[in-house]
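Coordinate inspection notes
Single-letter residue listing:
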Amino acid sequence: MSRQIQLSITKKNQIKKILSILVSTVESSPQNENNIGLYSGIAGELLFLYKVSQFAPELVNEELFNIKLQFLQNSLSPAIGFNLSSGLSGIGWFLEYINQAQAGNYDIDLCEDIDRILLETVGISPWAGEIEMVLGLSGLSVYSARRQKKSLQIIFYEKLISQYEGLATQVTEDTLTWQQPQHSIFRLNKSDLNKAEFNIGLAHGVVGIIAAILPALTIPSLFYRSQKLLKQSCDWLLQQQLEGIDKQSYFSSTSNGAHSSRLGWCYGDLTIALTLFRVGKALDIPLYQDKALEVALHASQRDEETGMVHDAGLCHGSAGLAVIFQAFFHESRVAEFQIAAEKWLGSTLQTYQNKGLVGFYQVSGFDLTSSESTGFLEGYAGIGLCLLACLNDEADWLDCLLLS
């Protein structure tokens, strides 16, 4: 039985007031043709405005929305690159998302050029770029998984599976993983490039690759190849659990890491557990589901200090945790996850009550300095989407984060 986050009338009104302020701020953000992407640019801002307009049309200026949307479409070109964060995969996902929302007016040819460019990109051999999600190979799956709801993506996923088969490191006969490229900007150990590094985060590592492969299971001709990659990588992942009963997290940020990881979307136990749970459901492997629940239940007890939560943003902040725990509840129906969602929503609202919009500034993970952002991943747009999801119990956009 479904259970929405429990909200008092006061909290509902507070969220609606915050949404109104965030909408006005995002609407007035300047347009920049060099910043049109999904994760930090105009596409992500438009996603927020679109979702609010569906819930409360009176809060969004339709004329301003259409101006921003036209600017986005006029700025599209192959020169912006293919990646999910700022390039064609993310922007294509957004255009396909709002296209599918038109129901009977769906235009199957709207993203035809993006289809062609990304299909050519995923077939590049040998692959020499990033292999992770935000700027690399696995991020292409975000667009194609959304596109697959309306148009078969067999050729795309055949090429993606072939890439990850070729890029995999076979650890044992029954386990494999993917090594962070030496040239990767996300490599944590830059002092010894000859030392193998296996990133465990969703955003930049093995977990994101696992989530990117998952949609290929729905294609009969690719099922067994996808199943092998998923089982062998998940079995490897389970072997990376930290030792010791006093650990703050089950997993570190890398396979040879000795430190606990933060609690967020980008890194940490929560999205590792959610991804493992989804694989367990898709392949009917109770072991994966049971371990995922164990890890996530432990994560549900962490707080700002033990979770290293310093802001409210979607990427690694309190609002993001609220909506991810909410998503985990819908996947598992475990009540503790909805309780955790309510806790992190309360933390987000308290932050706003104490500091106003300044409380929603993004905080640097390097020096803990804060700055204003209207973007999706670390700014107002993402926080607004999370608050809205808690209000109306609907977050059908989570696939752009490889969470559904």
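No experiment lies behind these values; they were computed from the predicted model shown. (Residues numbered from 1 in each chain as written. Predicted model: local features only at pLDDT ≥ 70, side-chain atom pairs only at ≥ 80, totals over all residues. Heavy atoms only, no water.)

The secondary structure content of the chain amounts to 14 helices and 4 strands. The globule rule puts the C-alpha radius of gyration for 404 residues at 22 Å, and the 20 Å found for the chain is close to it. Principal-axis analysis of the C-alpha atoms places the extent of the chain at approximately 60 × 50 × 45 Å. The proportion of buried residues among the 404 residues of the chain is 56%. Within the chain, contacts between residues at least 6 apart in sequence are counted, and of these 67% link residues at least 24 apart. (Helix = DSSP H or I, 4+ residues; strand = E, 2+ residues; numbered from the N terminus. Rg over C-alpha atoms; globule rule 2.2 N^0.38 Å. Buried < 20%, exposed > 50% of the residue type's maximum accessible area, 1.4 Å probe, protein only. Contact = heavy atoms within 4.5 Å.)

Compared with the 18 Å implied by 1.5 Å per residue over 13 residues, the 17 Å span of helix α4 (residues 88-100) between its first and last C-alpha is a close match. Within α4, 13 of the 13 residues are buried, which leaves it mostly tucked inside the rest of the structure. (Expected span 1.5 Å × (residues − 1).)

All right, on to the state of the cysteines then. Tallied over the full model, the rule gives 0 disulfides. Looking at C111, it has no disulfide partner, and the nearest cysteine sulfur is the one in C400, 14 Å off. In this structure C390 is a free cysteine whose sulfur lies 6.9 Å from that of C386, the closest cysteine sulfur available. The class for C390 is buried, based on a relative accessible area of 2%. (Disulfide = S-S within 2.5 Å.)

We now examine the packing of helix α1 (residues 9-27) against helix α13 (residues 335-355). The interhelical angle for the contact between α1 and α13, taken along N-to-C directions, is 60 degrees, at an axis separation of 11 Å. The angle between α1 and α13 falls in the class oblique. Remark: the crossing between α1 and α13 carries left-handed chirality. Seen from α1, the contacting residues are K11, Q14, I15, I18 and I21; seen from α13, they are L345, G346, L349, Y352 and Q353. Residue composition of the contact of α1 with α13, grouped by class: 6 nonpolar, 3 polar and 1 charged. (Axes fitted to C-alpha atoms, helices over the stretch in contact; angles between N-to-C directions. Parallel < 35°, antiparallel > 145°, perpendicular 65-115°, else oblique. Left-handed = near helix turned anticlockwise from the far one by under 90°. Nonpolar A, V, L, I, M, F, W, Y, C, P; charged D, E, K, R; others polar.)

Moving on, we come to the packing of aromatic side chains. Per the stated rule, a full pass over the model turns up 15 aromatic pairs. Measuring from ring centre to ring centre gives 6.3 Å for Y50 and Y97, while their planes differ by 85 degrees; the resulting arrangement is edge-to-face. In this pair, Y50 sits in helix α2 (residues 42-55) while Y97 sits in helix α4, placing the two residues 47 residues apart along the sequence. Comparing Y50 with Y97, the two get one shared label, buried. (Phe/Tyr/Trp six-rings, centres within 6.5 Å; stacked < 30°, edge-to-face > 60°.)

Time to look at the nonpolar core. F94, W265, W397 and L401 are the most contacted members of the largest nonpolar core, which totals 132 residues. Sort the elements by how many residues they give to this core and helix α14 (residues 380-392) lands first, with 10 residues. Look past the residues within four positions of F94 in its chain and what remains in contact with it is L38, A43, L46, L47, L69 and L72. (Core = buried A, V, L, I, M, F, W, Y, C linked by side-chain atoms within 4.5 Å.)

As a packed pair, α2 and α4 sit with axes 10 Å apart at the nearest point and diverge in direction by 20 degrees. If you check the angle between α2 and α4, you find them roughly parallel. In this structure, the crossing between α2 and α4 has a hand that is left-handed. Contact residues: α2 offers A43, L46, L47, Y50 and K51, while α4 offers I91, W93, F94, Y97 and I98. A per-class count over the contact of α2 with α4 returns 9 nonpolar, no polar and 1 charged.

The space that makes up the largest pocket amounts to roughly 770 Å³. Lining the largest pocket we find 25 residues, and of these R262, Y267, H316, G365 and F366 sit closest to its centre. A breakdown of the residues in the lining of the largest pocket according to their chemical character gives 14 nonpolar, 9 polar and 2 charged. A volume near 380 Å³ is recorded for the second largest pocket. The wall of the second largest pocket is formed by 19 residues, among which A145, K149, P215, R278 and S404 lie closest to the centre. Counting residues per element, the ones that place at least two in the lining of the second largest pocket are α6 (140-147) and α10 (269-283). Top element by residues in the lining of the second largest pocket is α6. It accounts for 4 residues. Its residues assigned to classes, the lining of the second largest pocket comprises 8 nonpolar, 4 polar and 7 charged. (1 Å grid on protein atoms, 1.4 Å probe; cavity = no way out; pocket = protein on both sides within 12 Å on 5 of 7 lines; lining within 4 Å. Points joined across faces, edges and corners; volume = space filled by probe spheres on them.)

Once that is clear, we can look at α6. For α6, a buried count of 7 out of 8 residues is recorded, marking the element as mostly surrounded by other parts of the structure. Where α6 is concerned, the buried positions are L140, S141, V142, Y143, S144, R146 and R147. Elements that come into contact with the buried residues of α6 comprise α4, α5 (112-122), α7 (154-167) and α8 (206-213).

With that settled, the discussion passes to unusual backbone geometry. Of note, the bond from S125 into P126 is cis; its omega dihedral lies within 30 degrees of zero at -5 degrees. Topologically, P126 is positioned in the loop between α5 and α6. Here the phi dihedral of D393 falls at roughly 55 degrees; this positive angle occurs in a residue that is not glycine. Residue placement: D393 occurs in the segment after α14.

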